[in-house]
There are 6 protein chains.
Amino acid sequence: MKKIVEAALVEDGGVHDPISFSLGKQEARGEFIGKEEFVFCGRDIMEMVFKTLDSSLSIDFYFDDGDTIEFESRLGIVSGSAGAILKGERVALNFAQRLSGIATLTRKFVDRIGDTGVKICDTRKTTPLFRCLEKYAVRCGGGANHRFSLSDGVLVKDNAIKIFGSLKDAVSRVREVAHHLLKVEVEVENLAEFAEALALDVDAILLDNMSCEDVRRAVSLGKGKVVLEVSGNITLDNVREYAETGIDIISIGMLTHSAPAVDISFECLR
Amino acid sequence: MKKIVEAALVEDGGVHDPISFSLGKQEARGEFIGKEEFVFCGRDIMEMVFKTLDSSLSIDFYFDDGDTIEFESRLGIVSGSAGAILKGERVALNFAQRLSGIATLTRKFVDRIGDTGVKICDTRKTTPLFRCLEKYAVRCGGGANHRFSLSDGVLVKDNAIKIFGSLKDAVSRVREVAHHLLKVEVEVENLAEFAEALALDVDAILLDNMSCEDVRRAVSLGKGKVVLEVSGNITLDNVREYAETGIDIISIGMLTHSAPAVDISFECLR
Amino acid sequence: MKKIVEAALVEDGGVHDPISFSLGKQEARGEFIGKEEFVFCGRDIMEMVFKTLDSSLSIDFYFDDGDTIEFESRLGIVSGSAGAILKGERVALNFAQRLSGIATLTRKFVDRIGDTGVKICDTRKTTPLFRCLEKYAVRCGGGANHRFSLSDGVLVKDNAIKIFGSLKDAVSRVREVAHHLLKVEVEVENLAEFAEALALDVDAILLDNMSCEDVRRAVSLGKGKVVLEVSGNITLDNVREYAETGIDIISIGMLTHSAPAVDISFECLR
Amino acid sequence: MKKIVEAALVEDGGVHDPISFSLGKQEARGEFIGKEEFVFCGRDIMEMVFKTLDSSLSIDFYFDDGDTIEFESRLGIVSGSAGAILKGERVALNFAQRLSGIATLTRKFVDRIGDTGVKICDTRKTTPLFRCLEKYAVRCGGGANHRFSLSDGVLVKDNAIKIFGSLKDAVSRVREVAHHLLKVEVEVENLAEFAEALALDVDAILLDNMSCEDVRRAVSLGKGKVVLEVSGNITLDNVREYAETGIDIISIGMLTHSAPAVDISFECLR
Amino acid sequence: MKKIVEAALVEDGGVHDPISFSLGKQEARGEFIGKEEFVFCGRDIMEMVFKTLDSSLSIDFYFDDGDTIEFESRLGIVSGSAGAILKGERVALNFAQRLSGIATLTRKFVDRIGDTGVKICDTRKTTPLFRCLEKYAVRCGGGANHRFSLSDGVLVKDNAIKIFGSLKDAVSRVREVAHHLLKVEVEVENLAEFAEALALDVDAILLDNMSCEDVRRAVSLGKGKVVLEVSGNITLDNVREYAETGIDIISIGMLTHSAPAVDISFECLR
Amino acid sequence: MKKIVEAALVEDGGVHDPISFSLGKQEARGEFIGKEEFVFCGRDIMEMVFKTLDSSLSIDFYFDDGDTIEFESRLGIVSGSAGAILKGERVALNFAQRLSGIATLTRKFVDRIGDTGVKICDTRKTTPLFRCLEKYAVRCGGGANHRFSLSDGVLVKDNAIKIFGSLKDAVSRVREVAHHLLKVEVEVENLAEFAEALALDVDAILLDNMSCEDVRRAVSLGKGKVVLEVSGNITLDNVREYAETGIDIISIGMLTHSAPAVDISFECLR
């Protein structure tokens, strides 16, 4: 992350910022204020932004990642060199507003399914270079993580099956190559494919874009034999219904690809 | 961008992807399909993703950046090594879905203000490391760019004014330091501050979070003397009303920080 | 690998090599000769070494990775700029002699266990930065790979168990955190620990430093329930006996940490 | 080295290690134990591995590089964050086991030649990227270093001579180009070539793969006129005999390319 | 700068400096002495050079950047590890001698024009990678900075005008693309072009290689309407005459491309 | 060099150059013109600058590095994308004007000493990061190179002698550490020190800041025994006199630290 923070500061600061430059050695302090209710995420990276600019800045947060922030709450305070504070403010917020947006949306899904015991998971639909950070935000919102890359878990999707020729061939060839600590999951789009998958040596099955009714049917067949995951067109409106099918995992791309940024402002104190 | 694409591929691919590995030298081809109507953006970077994985892949797009894509349209086709295609697909989409989301939202704002001649602009509220790309997406949607960093334009905002002590001091000290090819803009929050700013040696004034009525009043005083920009709480619903005040520029953070990703899928052909 | 090859060439070449420099535009060609019998590994990286120095060099290999090379066999030929050839020769050999050493030692183990169906696996005891390359060499020698890092498979070893307090606690806490596509393996050092492990929700058990007799006993209890791996003090002398216990996997650190380099020379042709 | 250590930790740790992650803020401590007698090398880099992971870890070694470690000796202790310790352990050992292997093998050669005053030297046959570290290990074992790259010393070998056309031409053309602080050494394979080299303006001669008898003859002709180095098929068995010929330097590729790793374990304390 | 300093130290130090190495843990101290009168620049980067080598070195300067140093003055003192001091000395001086050379030459120009109120500016004719540092040296000498890159100010020069077809087309097309905080300056070579430029929507005009007489005429026409800059063949002999024309800015390439290094030595104290 | 060229282009271009951007796909061509007589150096790096921006640009030079260019000569021509040409022009010239300045000054010194057979050498007083390039420029001007770093040649200077305590101790301790292919040179400041050095086991002696008379005396004592180098206050006026003393090498810091840039312009063709 250190390198990403440094690059982000160069991107935003450019080579010679006249305002910071003209502030010289002046001191300042300012507070981050929540402008809506949200789940906070980004404390460490905000701190890293400011410390990277000037390690003598002092940063104090009144909340931890995962905490719910009320409208108009004071989140934390930064004090030290005025030039460094003004240079870091926007970059720190650009990180925190997005990560908190992800945590907040995740929390909404998690709250919606209540005590069903189902896991709300992320996907690989993350911002390039920020996957670990965004998956951390999902955890802060109460969600769980799916695999981190193509290499730490095998998910055989429709495109791969088409290329291998059949689900059976796909599974057997991938098994041969995958080391013995990787599980193999396959994606199916209807109950016929589900039945085919269930008959093979797989550890998990992803039900993609299937109706609640079909999911319930699949659960009745596969529960306990393999891990059952559902994905595709899950919204805050229908997530509860899917959760109640008895599925194990609901994975939601929107958590990371379309969560709106939350509104946080930074206000210097006179 | 080359380095970012390489890092994104490592992030998504990990060190040893069993599926790509087991595909060996098999060939495949697949198409990108628009799953909703949107403004396309990301052609070059999608191409770079695939070419970085395997320079012998062939990629053809049927549309250019900025084109409107209809639901179920075929966007482009990729063919070559099956392993490389499956490794690149998700990363290419992660870029294109976000950039197209920004272009699409920008287009909506631009369409809404019609022939008022006002410029819809982005802000510095961009994803860290992707500012240039996101600003390009804004242009693809018909918008214009604001400054790229703190160094290629001076915008004296409320926090800086507080630290300098007064608007007047802020402007005079920054002018002294800024080289002769940089313009100076100041942010004001009400008509009193606007009047104070107009009396100083400034090139542009940003009216932040002001009502349409106050903006109209400011325009009647400052139009033609300085560039007039408005920002803060601009939505698709009120943007037309602001545009009709006679303002020069409307800048909108949401274009880059909260545009939802558009839905594009990749489907291999048997 | 590109960056590692570039750094290796700088390391070996320094800033100004008088011999290459004084050769100017002279042309040369030379052959790689096997000076003992071995399993070849390193073709692509040798090619990358020369191409990185001078993309106009021509390199032809008469053998593929995994092939057995006889004493005094000609492996391949390089021709083009004499300066580039002399600069690349040692670096190319430093890679190939080590990788071929690993492939050769792996092949010896694989040959020794014959048709027992057991997999000979590597470990994490690899040269820093060269893990992927060394694991590739193991595959060239007929071996299989264990996990690539701490993140693509969970192996709960004695030190972790000590810290967690008990095997049971270790397994349950790690399960909770690991995503649903990772398997969990535990390391045991005797039959009592093996029995304890077998009663838990684990996917594989590693028998560390146990006698053939104890391994046989464990196999009789666990075969088919979990994957069974053996490790510790396995040599060419005893590997057959371990393989015949019915174990699934034998992992051997020596394959990568102590394989002697094979002898390959490079001889220019007049 | 900092960058290599960081890359090695990423290679071994991956992006999300469930074990370290589930340990949270737990503390632990553990000791490195020698599992055979060996010459230690790697103290600083082991420390750098742990400090890079977590600068608050405390590391104490009971021995210095170059010290002889007895079987079952405690080498040093690490304490602090359990997650960081378990993440660093294998990487630290991967460095130390190899470097100590090189130091240990070097010491054996040095001990074998006793007080003959001959220098045991390394070669350029080192692991790519680790040359400086491996040459340091040779010094820890009591050996001396040969040149570090093609640029800090000129060694005209058979391949170069073939390309230049003759030894004489090779030497004169290289002399012309090399700056005045570089010495020029030439490689010869028999006494005829040795005589030819001795008649030229060279600073040192390398006798490659020559019998002890021929080396003795060469020494009688060249001792004191040029530095005399011998190389090729030197083993622990014959090194003493070569040392007694009166040669100045014996260089041995095996020191760095085939030294077996020494056995060191890491054991957490309850 | 940190990366440039690290690379510079590797460039100068190589991989194994025998002198520093043989000094072991010996301590030393030494002083920088001005061997001519000059304006000092380079304090921070000299400190960074030494601290990068060994953070325990102590460095004290008796002067600040911008101070005038008399012949034989002691500039500062370094103490600590002898090896680090000898490794850093030359690199520190290579930076400081050049930067002080630029500051010194700038000061001469500034002194020459006295109280005319004209700004002496640098250009883009800087050493690749050192632009920010060299522009800082110009400020230390009392000069002002021109734009830092092609992106933070628009200067339409003769070559661009030729390609666009006319000055008018060039200005209008660039205005359209440049964001609203960038000023546009055009370069003219005679009074006719000056008149043409003055009639367009430009913020500044650069009079290139024009006689003092023509510059005076241009000033009489454009003063107060646009910023007026002069450049080309300005020397210490004629700068005063140009300054007295009433121009706003005089930019001088020689400040950064041809300032001779000042003479500073480093002398260890016994 | 590739990385330095890329960084230099980013430094000069910034993130969004309005002129290049507004040129779109327009084509252009332009010539480099010598604006004074000079020795050319920089052909390859100029080509790399343009090719890095746009590999489809065509660049043709009419002269080679080392050629003498007459006033108003056309050096070479570039054609292709107008935007890339305008972006590359200044960076290419910033490299070539400096390198040609060094080659030109070196040629003046070389011409001055005529057929005395003395070598004109550079020093370590080079621009950080550009040492190899600047030493290449010295060769283009007819000079020879001194060592490239502290590691490829040993020069024991006054500061090191002070720290070691005596010249004798310095030489013996450095000899012990330096590998057998490095020569050892010592710096002396008067005839007494010269005599002391001559009695030791050194390969070369540098006479620093000594009068021609003293140099002649030293030559009469040491010629043929060791390499004799002179340095310090050598100018175009006195270099001939020093050359005629019979010295072997004259090294001159000014060649690289104070050579004025030569004047080259770039002119687009309509």
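Residues numbered from 1 in each chain as written. Chains lettered and ligands numbered in written order. Predicted model: local features only at pLDDT ≥ 70, side-chain atom pairs only at ≥ 80, totals over all residues. Heavy atoms only, no water.

Visitor: What am I meant to see in the overall build of chain A here?
Guide: If you tally the helices and strands in chain A, you get eleven helices and twelve strands. By principal-axis analysis of the C-alpha atoms, chain A measures approximately 70 × 35 × 25 Å. By residue count, 62% of the 270 residues in chain A fall in the buried class. Restricting the contact set of chain A to residue pairs at least 6 apart, pairs at least 24 apart contribute 69%. Surface exposure of chain A reaches about 10,000 Å², of which carbon and sulfur atoms provide 48%. Here chain A holds 33 positive side-chain charges and 43 negative ones, and the gap between their average locations is 3 Å. (Helix = DSSP H or I, 4+ residues; strand = E, 2+ residues; numbered from the N terminus. Buried < 20%, exposed > 50% of the residue type's maximum accessible area, 1.4 Å probe, protein only. Contact = heavy atoms within 4.5 Å. Areas by Shrake-Rupley, 256 points an atom, 1.4 Å probe, with all protein chains shown as cover. Lys, Arg positive; Asp, Glu negative; His and termini not counted. Charge placed at Lys NZ, Arg CZ, Asp CG, Glu CD.)

Visitor: I'm lost on the relation of the copies chain E and chain F in this one. Help?
Guide: One copy of the chain maps onto the second through a rotation around an axis plus a translation along that axis. Its rotation angle being 180°, the transformation that places chain E on chain F also includes 0.0 Å of axial translation and leaves an RMSD of 0.0 Å. The superposition of one copy onto the other is thereby described by a two-fold rotation axis. With an isologous cut-off of 70% or more, the 100% of interface residues of chain E that recur at the interface of chain F puts this contact in the isologous class. (Least-squares fit on C-alpha atoms with pLDDT ≥ 70 in both.)

Visitor: I keep staring at empty space enclosed by the protein and nothing clicks. Help me out?
Guide: Rolled over the atoms, a probe with the dimensions of a water molecule shows which regions are left empty. Taken as a whole and judged by the stated rule, the model has 19 cavities of 30 Å³ or more. Mapped onto the lining of the largest cavity, the elements with two or more residues apiece are α4 (82-113), α5 (131-140) and α11 (254-257) of chain C together with α4 (82-113) and α11 (254-257) of chain D. Of all the elements, α4 of chain C adds the most residues to the lining of the largest cavity, at five residues. Looking at the lining of the largest cavity residue by residue, the class counts come to eleven nonpolar, nine polar and four charged. (1 Å grid on protein atoms, 1.4 Å probe; cavity = no way out; pocket = protein on both sides within 12 Å on 5 of 7 lines; lining within 4 Å. Points joined across faces, edges and corners; volume = space filled by probe spheres on them. Nonpolar A, V, L, I, M, F, W, Y, C, P; charged D, E, K, R; others polar.)

Visitor: Please clarify how the packing of aromatic side chains should be interpreted in this entry.
Guide: The relation between two aromatic rings is expressed through the spacing of the ring centres and the mutual angle of the planes. Taken as a whole and judged by the stated rule, the model has 27 aromatic pairs over all chains. When the centroid spacing of 6.0 Å and the interplanar angle of 65° are considered together, the rings of Phe95 of chain C and Phe130 of chain C count as edge-to-face. One end of the pair, Phe95 of chain C, is in helix α4; the other, Phe130 of chain C, is in the loop between β6 (119-121) and α5, and 35 residues separate them in sequence. Like Phe130 of chain C, Phe95 of chain C is buried. Three or more aromatic residues link up through ring pairs in this structure, and these residues are Phe95 and Phe130 of chain A together with Phe95 and Phe130 of chain B. Across from the ring centre of Phe148 of chain C, 4.9 Å away, lies the NZ or CZ of Lys135 of chain C, which sits over that ring. (Phe/Tyr/Trp six-rings, centres within 6.5 Å; stacked < 30°, edge-to-face > 60°. Lys NZ or Arg CZ within 6 Å of the ring centre and 35° of its normal.)

Visitor: Sorry, what's going on with the sheet that holds strand β9 (residues 204-208) of chain C here?
Guide: Through backbone hydrogen bonds, the strands of a sheet pair up, either in parallel or in antiparallel fashion. Residue and element names in this part refer to chain C. Taken together, six strands build an open sheet; the order of strands is β6-β11-β10-β9-β8-β7 and the sheet is parallel. Of all strands in the sheet, those with a lone pairing partner are β6 and β7 (154-156), marking the two edges. On average, each strand axis in the sheet is tilted by 25° relative to the strand beside it, whichever way the strands run. Bridging between β9 and strand β10 (residues 227-231) involves five bridges; their strand directions are parallel. Considered in β10, the bridge of Ala204 is made with Val227. Against the sheet, helix α9 (residues 212-222) touches β9 and β10, its axis set at about 170° to β10. (Pairing = 2+ DSSP bridges. Axes fitted to C-alpha atoms, helices over the stretch in contact; angles between N-to-C directions.)

Visitor: How should the pattern of salt bridges be read in this particular structure?
Guide: Proximity of charged atoms lets side chains of opposite charge pair with each other. For the structure shown, the criterion picks out 62 salt bridges over all chains. Taking the shortest distance from any N to any O, the salt bridge between Asp12 of chain D and Arg131 of chain C comes out at 2.7 Å. Here Asp12 of chain D is found in helix α1 (residues 2-13), whereas its partner Arg131 of chain C is found in helix α5 on a different chain. The buried category is assigned to Arg131 of chain C, whose relative accessible area is 2%. (Salt bridge = Lys/Arg side-chain N within 4 Å of Asp/Glu carboxyl O.)

Visitor: Mind showing me how you'd approach the arrangement of the chains here?
Guide: Chain D makes no contact with chain B, the minimum C-alpha separation between the two being 8 Å. One finds no contact linking chain A with chain F; the least C-alpha distance across the pair is 8 Å.

Visitor: Would you take a moment to explain the packing of helix α3 (residues 43-53) of chain D against α4 of chain D for this structure?
Guide: The packing of two helices is summarised by the inter-axis angle and the distance between the axes. Residues and elements named next belong to chain D. Interhelical geometry of α3 versus α4 gives an angle of 160° and a closest axis separation of 9 Å. Classified by the angle their axes make, α3 and α4 are roughly antiparallel. Classified by chirality, the crossing of α4 by α3 is right-handed. For the pair α3 and α4, contact is made by Ile45, Met46, Val49, Phe50 and Leu53 and by Ala84, Ile85, Lys87, Gly88, Glu89, Val91, Ala92, Phe95, Ala96 and Leu99, respectively. Taken together, the residues of the contact of α3 with α4 break down into twelve nonpolar, one polar and two charged. (Parallel < 35°, antiparallel > 145°, perpendicular 65-115°, else oblique. Left-handed = near helix turned anticlockwise from the far one by under 90°.)

Visitor: I would appreciate a short explanation of the side chain of His16 of chain E in the present structure.
Guide: The topology assignment puts His16 of chain E in the loop between α1 (2-13) and α2 (18-23). Since its relative accessible area comes to 13%, His16 of chain E is described here as buried. If near-sequence neighbours (up to four positions away) are discounted, His16 of chain E is found in contact with Arg139 and Phe148 of chain D, Phe21 of chain E together with Ser151 and Val177 of chain F.

Visitor: Could you clarify how one ought to interpret the sheet that holds strand β12 (residues 264-268) of chain D in this entry?
Guide: Residues and elements named next belong to chain D. One open sheet holds the four strands; their spatial order is β3-β5-β1-β12, and the pairing between them is antiparallel. The sheet terminates laterally at β3 (58-61) and β12, the two strands that pair on one side only. On average, each strand axis in the sheet is tilted by 15° relative to the strand beside it, whichever way the strands run. In terms of strand pairing, strand β1 (residues 27-34) meets β12 through five bridges, oriented antiparallel. By the bridge assignment for β12, Gly34 is matched with Ile264. Its contacts with the sheet put α3 on β1, β3 and β5 (74-81), and the angle it makes with β3 is roughly 165°. Against the sheet, α4 touches β1, β5 and β12, its axis set at about 165° to β12.

Visitor: What exactly am I supposed to notice about the interface of chain E and chain F here?
Guide: Reports often express the size of an interface as the amount of accessible area lost when the parts come together. Facing the 61 residues of chain E at the interface are 61 residues of chain F. In this assembly, chain E packs against chain F so that about 5,500 Å² is buried in total across both faces, 57% of it on carbon and sulfur atoms. Of all residues in chain E, the largest losses of buried area upon contact with chain F belong to Glu11, Arg98 and Ile163 of chain E, amounting jointly to 13% of the total for that side. One can count four salt bridges joining chain E with chain F. Along the contact surface separating chain E from chain F lie 42 residue pairs in polar contact (both at pLDDT 80 or more). (Buried area = accessible area lost by both parts, 1.4 Å probe. Polar contact = N/O pair within 3.5 Å; in protein donor to acceptor, adjacent residues only side chain to side chain.)

Visitor: I would appreciate a short explanation of helix α3 (residues 43-53) of chain A in the present structure.
Guide: For an α-helix, the turn length of 3.6 residues means that residues three or four places apart are oriented alike. Residue and element names in this part refer to chain A. Buried within α3 we find Ile45, Met46, Val49 and Phe50. Angularly, the buried residues of α3 cover 140° about the axis, an arc narrow enough to put them on a single face. For α3, the secondary structure elements touched by its buried residues are α1 (2-13), β1 (27-34), β3 (58-61), β5 (74-81), α4 (82-113) and α5 (131-140). (Arc of directions from axis to C-beta.)

Visitor: How do you make sense of the pairing of strand β8 (residues 184-188) of chain A when you look at a structure like this?
Guide: On any regular strand, side chains alternate: one points to one face of the sheet, the next to the other face. All names here are of chain A. Of all five residues in β8, five are buried; the element is thus mostly enclosed. Side chains Val184, Val186 and Val188 project from β8 onto one buried face, and the interleaved Glu185 and Glu187 project onto a second face that is buried too. By the bridge criterion, three bridges tie strand β7 (residues 154-156) to β8 in an arrangement that is parallel. Within β8, the residue paired with Leu155 across the bridge is Glu185. Sheet analysis places β8 next to strand β9 (residues 204-208), joined by four bridges and oriented parallel. Pairing of Val188 across the sheet is with Leu207, part of β9.

Visitor: Explain the state of the cysteines here, please?
Guide: A covalent bond between the sulfur atoms of two cysteines is what we call a disulfide. Using the criterion set out here, one finds zero disulfides over all chains in the structure. Cys140 of chain A provides the cysteine sulfur closest to Cys41 of chain A, a residue in no disulfide bond, and the two sulfurs are 3.9 Å apart. (Disulfide = S-S within 2.5 Å.)

Visitor: So what exactly am I meant to see when it comes to the confidence of the model for chain A here?
Guide: For chain A, per-residue confidence averages 97 on the pLDDT scale, and 100% of positions sit at 70 or higher. Scored by ipTM, the complex comes to 0.96, with pTM at 0.95. (pLDDT = per-residue confidence, 0-100.)

Visitor: Help me out: how do you make sense of the packing of helix α8 (residues 191-198) of chain F against helix α9 (residues 212-222) of chain F in this one?
Guide: All names here are of chain F. Here α8 crosses α9 at 20°, and the two axes come no closer than 10 Å. Relative to α9, the element α8 is oriented roughly parallel. Taken as a pair, α8 and α9 cross one another with a handedness that is right-handed. For the pair α8 and α9, contact is made by Leu191, Phe194 and Leu198 and by Asp214, Arg217, Ala218, Leu221 and Gly222, respectively.

Visitor: Is there a simple way to think about a positive patch on the surface in this case?
Guide: Together, Lys3 of chain A, Lys3 of chain B, Lys3 of chain C, Lys3 of chain D, Lys3 of chain E together with Lys3 of chain F make up a positively charged patch on the protein surface. Tracing the backbone shows Lys3 of chain B in helix α1 (residues 2-13). Overall, Lys3 of chain B belongs to the exposed group, its relative accessible area being 67%. (Patch = residues over 30% accessible without salt bridge, like charges linked within 9 Å, V, L, I, M, F, W, Y side chains within 5 Å.)

Visitor: Could you clarify how one ought to interpret the pairing of strand β3 (residues 58-61) of chain F in this entry?
Guide: Residues and elements named next belong to chain F. The alternating pattern of β3 places Ile59 and Phe61 on a buried face and Ser58 and Asp60 on a face that is not buried. Relative to strand β5 (residues 74-81), β3 is paired through four bridges, and the arrangement is antiparallel. In the strand pairing of β5, Ser58 is matched with Ser79.

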